[in-house]
Protein chains: 2
Amino acid sequence: MAPTAIHNQQDVDLTAAAIQRKEAQPTKAAASNGSAVAPLDASKLTYNLTKSPRHVPSEAEANAGNETICTDHMVTAVWSASAGWSTPELKPYGPLALMPTASCLHYATECFEGLKAFRGYDGRLRIFRPDRNAARMRMSAARISLPVFEPAELVKLMTALLAVDGPRWLPRDRPGSFLYLRPTLIGTQSQLGVQSPKEAMLYIIVSFMPRMDSPPGGMRLHTSPEDMVRAWVGGFGYAKVGANYGPSLMATQDARARGFHQILWLYGPDGECTEAGASNFFVVWKRRDGKKELITAPLDDKLILDGVTRRSCLDLIREKLAGEIEVTERKYTIDELLEADSEGRLLESFAAGTAYFVCPISQIHHRGRDVSIPMGPEGQPGEVTGKVKGWLGDIMYGRTQHEWGVVIPEKE
Amino acid sequence: MAPTAIHNQQDVDLTAAAIQRKEAQPTKAAASNGSAVAPLDASKLTYNLTKSPRHVPSEAEANAGNETICTDHMVTAVWSASAGWSTPELKPYGPLALMPTASCLHYATECFEGLKAFRGYDGRLRIFRPDRNAARMRMSAARISLPVFEPAELVKLMTALLAVDGPRWLPRDRPGSFLYLRPTLIGTQSQLGVQSPKEAMLYIIVSFMPRMDSPPGGMRLHTSPEDMVRAWVGGFGYAKVGANYGPSLMATQDARARGFHQILWLYGPDGECTEAGASNFFVVWKRRDGKKELITAPLDDKLILDGVTRRSCLDLIREKLAGEIEVTERKYTIDELLEADSEGRLLESFAAGTAYFVCPISQIHHRGRDVSIPMGPEGQPGEVTGKVKGWLGDIMYGRTQHEWGVVIPEKE
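Residues numbered from 1 in each chain as written. Chains lettered and ligands numbered in written order. Predicted model: local features only at pLDDT ≥ 70, side-chain atom pairs only at ≥ 80, totals over all residues. Heavy atoms only, no water.

**Student:** Teacher, can you tell me more about the UniProt feature "modified residue: N6-(pyridoxal phosphate)lysine" (unreviewed entry) in chain A here?
**Tutor:** Residues and elements named next belong to chain A. In the numbering used here, UniProt assigns the feature "modified residue: N6-(pyridoxal phosphate)lysine" (unreviewed entry) to Lys240. As for its position among the elements, Lys240 is in the loop between strand E11 (219–223) and helix H7 (249–257). The exposure class of Lys240 is buried, given its relative accessible area of 10%. For Lys240, the contacting residues outside a window of four places in its chain are Cys111, Phe112, Glu113, Gly114, Arg136, Ser140, Tyr245 and Leu305. (UniProt positions renumbered as here; feature names shortened; annotations may be inferred. Helix = DSSP H or I, 4+ residues; strand = E, 2+ residues; numbered from the N terminus. Buried < 20%, exposed > 50% of the residue type's maximum accessible area, 1.4 Å probe, protein only. Contact = heavy atoms within 4.5 Å.)

Below you can see the structure in the form of structure tokens.
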């Protein structure tokens, strides 16, 4: 028998309703059997430090191979539907043991975040707006049917890990360097069958990552092929779930084989510009009314990631270039971009995200046509791109004191 | 610099072009450095048998818990871009060690297949059309940027595993029983960054699985909420990749909490009927011209899985009920279904797939309206559903000798 109470709202609008319901879960939620389940609690973190600290490579050494080099430690916490979150543990970095039937290996029950930790020119270690990444990770977890948590607890766990590994792996004599934080949440229940996992594992690792913000000559984009769409209305393009990435690799690999760096993902019959690779995409152009404008895709269709760097760029440009440049979040198409090119109105373009930071774009290839986009002199970013990159970098590396740059108290 | 040779075909139609190119790879392909890379070769399989065979539970015991029970052994083969496929190994079932940076844990570089092994009433062990699953797995692998292989080699590896574990885990005194085969392919390269993995692992496991083809009173479906779309044109709904499953769990969990078994996934502004849960969806109705028709969604938009059970149902009904019922693969909408209900023309409905086999559907809930669908007397499947289920079951369990039922030669 079907239940008599029909939640008509959920019939139409489940994503929002279900995420809100999940996010509204109290930190001390009751399990279905009535017993209390434990929330994620960073204050309980246990420390199991390595007895054999590894060699800390130079940045060049670390990024030379086909394997990501991580620091000495990682943080893990396991979750079960019946007990909630276990005590989180800081322990030596190493392999995970997963049963071949683990949910994440079959059904992509997985989500992650990416943040950088910066060694400032003032000697201090910072992360950038971690509260935003933690909140987004909770949203992603809800979307992919994984357990939620209080975002502040995730921030505390990241902070604790960096406090331990920061001093040695990102030492004071490497100002201007960064490491990369990757909080990851995976469904671990060892049961085949398409269902929400009843067991999961959160882990946080810290790794080296190459600098990708200054490809020689700028970033070159290839528009997505007509038969390949990254995300769609009613999908999950706005969530940082694994399912957004694997399916995009084929197009990216093809573009790279043809000399481009990333795909400019178009959407819909009109070819709306959405994301550049796994970064947000921005264009600076002169409008037909003569006004200078920074344009980027809007968030309201839930097609694109609500990037922390994206939002920070928009905020800073709105604040610091008010009156000089209009900042617009709206749908715009590849044809508008081609027209602006034909009419000589294209001024700059850049991609923004944690991995690529703020990366100038010099070329877009679309259906046999190449659009060249101006950059600054001698391969430098254009004016707006360079300014926003500078402002953000100054916050990240402590040349500007700003609430977005959160200082990590380090253990020495 | 962008390359001068622009492959205009790939600009528009990459999926087909790239999959064809990948599928056309010779079994002895040359790596980019010119050295030969090894193909997947089942004839090299090595055997490392368990020294402590586990207790074989009854079907009821095996399916009682929250963990899938697998047989004593599994087959694994690892792949690298530089060396190709390693020697496959049959070895004791157990956990996989994956680095926290493994591609599949972040980017959903994973695909799988599902098949059943049947203990026949004639005492023989069979699998059903394994060539089709193996070919589909190769297509899925190409779509998710994982290595390809000769499908026949995968069939040989599945056969070898069943030859070892079949006699004890699916014994002759359990005719009419089945086990479930899950070939899985995951990206294992330990490198963060959105790129095609250069290392992967294929594994095959055999497990128990509950019988799901006869829920009391029939299967009840809830249509998908308006803000949730399973697959889209230009996406990957036709491939058996993890990315199709995790994002669907939220809607399924919500439907289950409200007393339904699965989601009937609608597509597009008109609400085309596509899949029921992770199974193909079929309706038997009387058309307005009085003709009896079996209708199901077409494959040409690449929205739905090209199900082996789906295809087998269509083939058998076309062959055995020619003249009695027309078989149609075309787009049809939820409104057509509601109309047929209002006009008393709905005759039967069923879901078909490996897990649910051929499962009669008794109810569809759509936006506050409940559609009841006739079944046979005493909770039995309707006439067409029952017939096709019987024909297929007879092939699977050896009551009918048919080329689709492939006998596994067992080691005793």
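Don't stop here, the text continues.
**Student:** Please clarify how the relation of the copies chain B and chain A should be interpreted in this entry.
**Tutor:** With an RMSD of 0.0 Å, chain B superimposes on chain A once it is rotated by 180° and translated 0.0 Å along the axis. Taken together, the rotation and translation describe the operation of a two-fold axis. A share of 100% of interface residues in chain B that are also interface residues in chain A marks the association as one of identical surfaces. (Least-squares fit on C-alpha atoms with pLDDT ≥ 70 in both.)

**Student:** Explain the interface of chain B and chain A here, please?
**Tutor:** Contacts between the two partners involve 92 residues from chain B and, on the opposite side, 92 residues from chain A. Summed over both sides, the interface between chain B and chain A buries roughly 7,700 Å², with carbon and sulfur atoms accounting for 58% of that surface. Taken together, the connections running from chain B to chain A amount to 0 salt bridges. Our count for the chain B to chain A interface comes out at 34 residue pairs in polar contact (both at pLDDT 80 or more). (Buried area = accessible area lost by both parts, 1.4 Å probe. Salt bridge = Lys/Arg side-chain N within 4 Å of Asp/Glu carboxyl O. Polar contact = N/O pair within 3.5 Å; in protein donor to acceptor, adjacent residues only side chain to side chain.)

**Student:** Help me understand helix H9 (residues 334–342) of chain B in this model?
**Tutor:** Each α-helix turn comprises 3.6 residues. Residues three or four places apart therefore point the same way. Residues and elements named next belong to chain B. Considered for burial, the residues of H9 that qualify are Ile334, Leu337, Leu338 and Ala340. Taken end-on, H9 shows its buried residues confined to a sector of 160°, consistent with a single buried face. In the stretch just after H9, Gly344 is the one whose phi turns positive, near 65°. (Arc of directions from axis to C-beta.)

**Student:** Help me understand the pattern of salt bridges, please; the structure alone is not making it clear to me.
**Tutor:** Any two side chains of opposite charge can pair, given that their charged atoms come close. Under the criterion given, the structure shown has 56 salt bridges over all chains. With a closest N to O distance of 2.7 Å, A:Glu113 and A:Arg136 form a salt bridge. With a gap of 23 residues between them, A:Glu113 in the loop between strand E6 (110–112) and strand E7 (115–119) and A:Arg136 in helix H5 (residues 130–143) connect regions that are remote in the sequence. A:Arg136 carries the same exposure label as A:Glu113, and that label is buried. Ionic pairing is found between B:Glu343 and B:Arg288, a salt bridge with its closest N-O pair at 2.6 Å. Here B:Glu343 is found in the loop between H9 and strand E17 (346–353), whereas its partner B:Arg288 is found in the loop between strand E14 (279–286) and strand E15 (292–296), with 55 residues between them in sequence. One salt-bridge network, in which partners are shared between bridges, spans A:Arg287, A:Asp289, A:Glu293 and A:Glu326.

**Student:** Whenever I open this one, the environment of B:Leu125 confuses me. Can you help?
**Tutor:** Residue and element names in this part refer to chain B. Looking at the secondary structure, you find Leu125 in strand E8 (residues 125–128). By relative accessible area, Leu125 is classed as buried at 0%. Separated by 47 residues in sequence, Leu125 and Arg172 have C-alpha atoms that sit 8.6 Å apart. Residue contacts for Leu125: discarding those within four places in its chain leaves Ala117, Phe118, Arg119, Leu162, Gly166, Leu170, Val406, Val407, Ile408 and Glu410.

**Student:** What should I look at first to understand the domain arrangement of chain A in this one?
**Tutor:** Interfaces are often described in size by the accessible area the parts lose on coming together. All names here are of chain A. Along its sequence, chain A is organised into domain 1 (3–207) and domain 2 (219–396). Its C-alpha centre places domain 1 at a distance of 28 Å from the equivalent point of domain 2. Facing 21 residues of domain 1, the contacting portion of domain 2 comprises 21 residues. Both sides of the domain 1 and domain 2 interface together cover about 1,900 Å² of buried area, and 63% of this is carbon and sulfur. The interface formed by domain 1 and domain 2 includes 0 salt bridges. At the junction of domain 1 with domain 2, the criterion picks out 9 residue pairs in polar contact (both at pLDDT 80 or more). Counting only elements with at least two residues in the side of domain 1 that touches domain 2, the list comes to helix H2 (14–23), E6, E7, strand E8 (125–128) and H5. Per-element accounting of the side of domain 1 that touches domain 2 gives the leading share, 6 residues, to H5. Residue composition of the side of domain 1 that touches domain 2, by class: 9 nonpolar, 4 polar and 8 charged. (Domains from an automatic or database assignment. Nonpolar A, V, L, I, M, F, W, Y, C, P; charged D, E, K, R; others polar.)

**Student:** Which parts of the structure should I look at to understand the packing of aromatic side chains?
**Tutor:** Geometry of an aromatic ring pair is reported as the spacing of the ring centres plus the angle between the planes. This structure, assessed with the given rule, holds 23 aromatic pairs over all chains. Their ring planes at 15° and their centres at 3.0 Å tell us that A:Trp232 and B:Trp232 sit as a pair that is stacked. In this pair, A:Trp232 sits in the loop between E11 and H7 while B:Trp232 sits in the loop between strand E11 (219–223) and helix H7 (249–257), so the two residues belong to two different chains. Note on A:Trp232: relative accessible area 3%, which makes it buried. Each ring, one from A:Trp285 and one from A:Tyr332, has its centre 6.0 Å from the other, and the planes form 75°; the classification is edge-to-face. (Phe/Tyr/Trp six-rings, centres within 6.5 Å; stacked < 30°, edge-to-face > 60°.)

**Student:** Teacher, can you tell me more about unusual backbone geometry here?
**Tutor:** The general pattern is negative phi for most residues beyond glycine and trans for most peptide bonds. Backbone geometry at A:Phe357 places phi at a positive 55°, although glycine is not the residue there. With respect to the helices and strands, the residue A:Phe357 is situated in strand E18 (residues 357–366). Residues other than glycine seldom take positive phi values, yet B:Glu378 does so here, at roughly 55°. Turning to its location among the elements, B:Glu378 is positioned in the loop between strand E19 (369–372) and helix H10 (383–396).

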